[in-house]
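Read off the chains here:
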Amino acid sequence: MRKVEILAPAGSYTSLKAAINAGCDAVYIGGSKFGARAYADNPGEDELVGAIELAHIHNKKIYLTINTLLKNKELEQELYNFLEKYYIAGIDAVIVQDLGVLHFIHKYFPGLDIHASTQMTLTMAQGLEAIKHLGVTRMVNSRELSLEEIRSIRTSSDIEIESFVHGALCYCYSGQCLMSSMIGGRSGNRGRCAQTCRMPYSVMGDNRSLLGEQDKYILSPKDICTLDRIPDLIEAGINSFKIEGRMKRPEYAAGVTYLYGKYVDLYSELGREKYESYIVSHKKELEQDILKLQDLYNRGGFSTGYYYNKNGKSMISLQRPNHSGVLVGTVKNTKNNQIEFSLIEDIYPQDILEIREDKRYENNTKKVKTNQNTKGNPKDKYGASNSKQGTWNKGSLNGDCIFEFTVKDGKQKGGYYQVNIPRGLEIHSGSLVYRTKNTKLLENLFDQFIKKDIKIPIAGKLTVIVGKPIKLTLTCKEVQVEITGDEIEEANSQPVTEDKIRKQMLKTNETAYMFNELEILITGNPFIPLQKLNELRRNGISALESAIIESYHRNPTKQIKLQQENEMFQDDLNGKENSKTGIHIAVQTREQLEASLLWPEVSDIYLESDIVPLPTLTELSKYIKSKGKRCFILLPRIFRSATYQYFKKYKYILEDNTIDGYILRNLEEYTFVRNEIENSGNLKEIITDANLYVMNNEAACFWKEKNITKFTAPFELNYNELMDLKGLYYDMIVYGRVPLMVSAQCIVKTGTGGNSTYNHRESDLPCCEPGLNKVELIDRFQKSFLVKRHCRDCYNTIYNSQCLSLLDNKDEILRIHPANIRLDFTFETADETKEVIGSFIQQYYYSNPQKLVGNNYTRGHFKRGIE
């Protein structure tokens, strides 16, 4: 019996079948709405119900992804009708990001297991404490966790742990990325990520380059592969091995599922000691299996993700953001229009190969015009071509393709292969040859797992008694059915034999079933027409399948009448409609703080928790109180175990009476404040920050049940959507650089080649290149994205190239009725801070039209919104 679940991606109905045939234990799949892969070939309503039935027939579990953020009208008008049919059909669980969706499903779909998506950015068992009472049975932990952190969760909680073991990694903590949303209007929180992390960027530190010329893809992590680390992962306490890949082809789902199942089964059968001995004696077999995974998809090779490394250059595919393929050979000879290369791997007919130039010749590659052999061949954005003719691309070095072709005849490794190249294209000895499509592997996977379906074993008992109705009993797992046919007549001359009956009953090829056991009991000399046996078999299998499907069905939920939950906030709104909107200021430097304290209109100051070392934080809070203002602490965007323990060590600082409250940015901080501070009798105000995404009334209800009613408006709602939630928000950010990414990777460390250990630092000073003041990403349009290094808590924040400003939208903002507007300062000087605060006070308080200096501003999604 397997010790861990193999959870396969199903981006289509075909992928679901392939994964089932390859031996998965469960699949995760999206419907026509609300899933994090909006561009996958997601099934429609009837097809998804059929997918649920297919999975259950094969004794597999199926999880539905509702792992996006929902706008208020979507949740109140669409979610119930979308989910009800799948709930009735027996969907095993839903995967959820939105706290409002979590609250809603628990309330209206009783008994349905809920899995907390990795989009919830859960990093500790303490985060689970805040949600497990709402039917959460499993967490999909943040991919950035180490095995040690997963072990800690296992010892602290009995909730199942689902962890990614293979496939693509996001650069940003899942659920914290607004980059695609803000740059291109395609929100990752809505399943429409535009993969902006796979675009080229340069990195500048105080105006000098921190990257090599060819290292362009600093935000593009390598894919994770843990096939050779299975014992460690299982023994850390992981319950479900999750394979990423709903956007990939069915052969990928099948191949990866099969190989992980193979090694998990070996470990389950042998135990660790014998398993490791097996691996030592079958080292070549494991290497070949990993090579198959590379052939299916990899970016610059594989890494083991964050399980063993906190971050570092070795985890990033710096020179190529898409499929890297497998190295199969090296160019040895070039002559006229032909090259010859030696092979280190077998190649097969219809394989697609690429030649990538050796960097030693990057300054010598000739620039020539495309000849007639390549004219009109469309290339993708990375220089590759779909043509079966040879195609080339000048200047593509190292990670990029300069010549691509399709193999005509296969050749074994150790041999040589010749290919003609276009006139004028210079390829040098030493250039590397990669395979980006292994046709034989794909065909084998298709034949084995897609072309034909696996059969479901059943047991049967056929009772044949002359003078009584024939009876067939079929059993599959715990489901049993019994059907009867016509009364059996006595044979006049030649009674039907058991062998003939058995032969006829075993003809199940056109069904999903096969008999692994068939007992036939005969009394007397029966006469049975063969068509009657066929009919009995068909009816029996049909009844069995219906019984299996129905065994998963649920009763319809009671009819609901959705409340307009915002009515519970209406009393607060009615009392404040005529009151003046407050002004709150968030700062990250002492200079910004000094500038903020100059204005009597500013009532509250929000301090970034690492603005100074935590033990000295009260020096600033006392200073703020001396100026007659309230002080709140912006807790870290990521609150992992080391940070939790660090804050616990200095909790007396946070309990100080000069600190009025906290702004929460994750669920772990909620538990920390409740358990570590409020249990000591120190009750403080709590405000949720924008990245906790209160985008609907149900999310507000979730927090209200925890006695938290002060929310910061999220960045991804437009004016009309904010008006739907009129009066709900305590703070609305109207100025500041929007955080686009929060990453466990370090931009500077990747550029300089360093790697981080899992040791926590108590200093807020940078651990890499401490002398650098300004770190920025530069995109291909020369836009600058400033980077803040939070080294104490070991994460980077990448900010938008344009600064959000709603200075000109005063009337609309006030119609939304936030209790306060909030100005967020990140990299501004003291003078810039004073100028911005003054402009907003004049515009919002005294109706004096203002204009900020410069033009690098955006309204974000306030006007356009997101899909």
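Thresholds applied
- Residues numbered from 1 in each chain as written.
- Predicted model: local features only at pLDDT ≥ 70, side-chain atom pairs only at ≥ 80, totals over all residues.
- Heavy atoms only, no water.
- Helix = DSSP H or I, 4+ residues; strand = E, 2+ residues; numbered from the N terminus.
- Rg over C-alpha atoms; globule rule 2.2 N^0.38 Å.
- Contact = heavy atoms within 4.5 Å.
- Areas by Shrake-Rupley, 256 points an atom, 1.4 Å probe, with all protein chains shown as cover.
- Buried < 20%, exposed > 50% of the residue type's maximum accessible area, 1.4 Å probe, protein only.
- Core = buried A, V, L, I, M, F, W, Y, C linked by side-chain atoms within 4.5 Å.
- Pairing = 2+ DSSP bridges.
- Polar contact = N/O pair within 3.5 Å; in protein donor to acceptor, adjacent residues only side chain to side chain.
- Axes fitted to C-alpha atoms, helices over the stretch in contact; angles between N-to-C directions.
- Parallel < 35°, antiparallel > 145°, perpendicular 65-115°, else oblique.
- Left-handed = near helix turned anticlockwise from the far one by under 90°.
- Expected span 1.5 Å × (residues − 1).
- Bend = angle between axes of the 7 residues up to and from the residue.
- Salt bridge = Lys/Arg side-chain N within 4 Å of Asp/Glu carboxyl O.
- Nonpolar A, V, L, I, M, F, W, Y, C, P; charged D, E, K, R; others polar.

**Q** Quick rundown of the overall build of the protein? Include the residues and the values.
**A** Helix and strand content of the protein: 24 helices and 39 strands. The C-alpha atoms of the protein give a radius of gyration of 31 Å, which matches the 29 Å a tight globule of 867 residues would have. With respect to the principal axes defined by its C-alpha atoms, the protein has extents near 110 × 75 × 50 Å. In the protein, the share of contacts with a sequence separation of at least 24, taken over all contacts with a separation of at least 6, comes to 74%. Surface exposure of the protein reaches about 35,300 Å², of which carbon and sulfur atoms provide 45%.

**Q** Requested: an account of unusual backbone geometry, with residues and values cited.
**A** Non-glycine residue F34 carries a positive phi angle of around 70°. Locating F34 in the fold gives a position in the loop between strand 2 (26–30) and helix 2 (45–57). Under the relative-accessibility criterion, F34 is labelled buried at 9%. For N207, which is not glycine, the phi torsion reads 70° and is therefore positive. As for its placement among the helices and strands, N207 is situated in the loop between strand 8 (202–205) and strand 9 (208–209).

**Q** Explain the side chain of Q97 to me, and be specific about the residues and the numbers.
**A** As for its position among the elements, Q97 is in the loop between strand 4 (93–96) and helix 4 (99–108). Discounting residues that sit within four places of it in the chain, Q97 has contacts with I66, N67, T68, L69, S117, Q119, M120, G175, N189 and Y693.

**Q** How would you explain the nonpolar core if you had to name every residue and give the values?
**A** Counting 203 residues, the largest nonpolar core has I105, I131, L219, F241 and L607 as its most contacted members. Of the residues forming this core, the biggest block, 11 residues, is contributed by helix 9 (residues 250–281). Residues in contact with F241, not counting those within four places in the same chain, are V4, E5, I6, L7, S163, V165, I230, L233, I234, Y260 and V264. By size, the runner-up hydrophobic cluster in this structure holds 28 residues, among which are L472, C476, V479 and I520.

**Q** How would you summarise the pairing of strand 7 (residues 160–167) if you had to cite specific residues and measurements?
**A** Most of strand 7 is tucked away, with seven of its eight residues classed as buried. Both strand 6 (residues 136–140) and strand 7 contribute to a ladder of three bridges, which runs parallel. For R138, the partnering residue across the bridge sits in strand 7 and is E160. Two strands pair when backbone bridges link them, and strand 7 and strand 11 (residues 240–243) are joined in this way by four bridges, in the parallel orientation. When the sheet's bridge partners are listed, F164 is paired in strand 11 with K242. In this structure, strand 7 lies alongside strand 10 (residues 223–225), joined through two bridges in antiparallel fashion. Across the sheet, the residue bridging to G167 is I224, located in strand 10.

**Q** Account for helix 4, naming residues and giving values.
**A** The buried count for helix 4 comes to eight of 10 residues, which makes it a mostly enclosed element. Every buried residue of helix 4 is listed here: L99, G100, V101, L102, H103, F104, I105 and Y108. For helix 4, the side-chain oxygen to backbone nitrogen distance between the N-cap and G100 is 2.6 Å, and the N-cap itself is D98.

**Q** Pulling in residues and values, what's your account of the packing of helix 2 against helix 3 (residues 72–89)?
**A** Direction vectors running N to C along helix 2 and helix 3 enclose 25°, while the axes themselves pass 10 Å from each other. As summarised for this structure, helix 2 and helix 3 are arranged roughly parallel, according to the angle between their axes. At the point where helix 2 passes helix 3, the crossing takes the right-handed sense. Contact residues: helix 2 offers E45, L48, V49, I52 and H56, while helix 3 offers K85, Y86 and A89.

**Q** Break down helix 9 for me, with residues and values.
**A** With 32 residues, helix 9 should cover 46 Å at 1.5 Å per step; its first-to-last C-alpha distance of 32 Å lies more than 12% under that length. The sharpest bend along helix 9 reaches about 120° and sits at G271.

**Q** Lay out the pattern of salt bridges in plain terms, naming residues and giving numbers.
**A** Side-chain pairs of opposite charge can arise where the charged atoms are in close proximity. Scanning the model with the defined rule gives 46 salt bridges in all. Notably, a salt bridge pairs K262 with E285, separated by 2.6 Å at the nearest N-O pair. With K262 in helix 9 and E285 in helix 10 (residues 283–296), the pair connects residues that are 23 residues apart, well separated along the chain. Its salt-bridge partner being E685, residue K710 comes within 2.6 Å of it at the nearest N-O pair. Remark: E685 occurs in strand 31 (residues 685–688) and K710 occurs in strand 32 (residues 710–711); sequence separation between them is 25 residues. When salt bridges that share partners are traced, they join E5, R138, E160, E162 and K242 into one network.

**Q** Hey, could you go over the environment of P636 for me, with residue numbers and the actual values?
**A** Mapping P636 onto the fold places it in the loop between strand 29 (630–634) and helix 17 (641–649). With 84 residues separating them in the primary sequence, P636 and Y552 have C-alpha atoms 43 Å apart. When sequence neighbours within four positions are dropped, the list of residues in contact with P636 reads S609, T643, F647, R665, N666, E669, R792, D793 and Y795.

**Q** How would you explain the sheet that holds strand 22 (residues 469–476) if you had to name every residue and give the values?
**A** Taken together, the four strands give an open sheet; going across it, the order is 23-22-21-25, and neighbouring strands pair in mixed fashion. Each edge of the sheet is formed by a strand with only one pairing partner; in this case those strands are strand 23 (479–487) and strand 25 (513–523). For this sheet, the mean inter-axis angle between neighbouring strands, taken without regard to orientation, is 15°. Pairing of strand 22 with strand 23 involves seven bridges; the strand directions are antiparallel. Bridged to P469 within strand 23 is E487.

**Q** Give a detailed account of the environment of D158, specifying residues and quantitative values.
**A** Mapped onto the elements, D158 comes out in the loop between helix 6 (147–156) and strand 7. Its relative accessible area of 72% is what places D158 among the exposed residues. For the pair formed by D158 and L64, sequence separation is 94 residues and the distance between their alpha carbons is 22 Å.

**Q** Run through the packing of helix 9 against helix 11 (residues 439–450), naming residues and quoting values.
**A** Where helix 9 contacts helix 11, the axes come no closer than 9 Å and their chain directions differ by 80°. Regarding the angle of helix 9 to helix 11, the classification is roughly perpendicular. Contacts between helix 9 and helix 11 involve P250, E251, A254, G255 and Y258 from the first element and L442, L445, F446, F449 and I450 from the second. When its residues are assigned to classes, the contact of helix 9 with helix 11 shows eight nonpolar, one polar and one charged.

That's the geometry; what it means functionally is another story.
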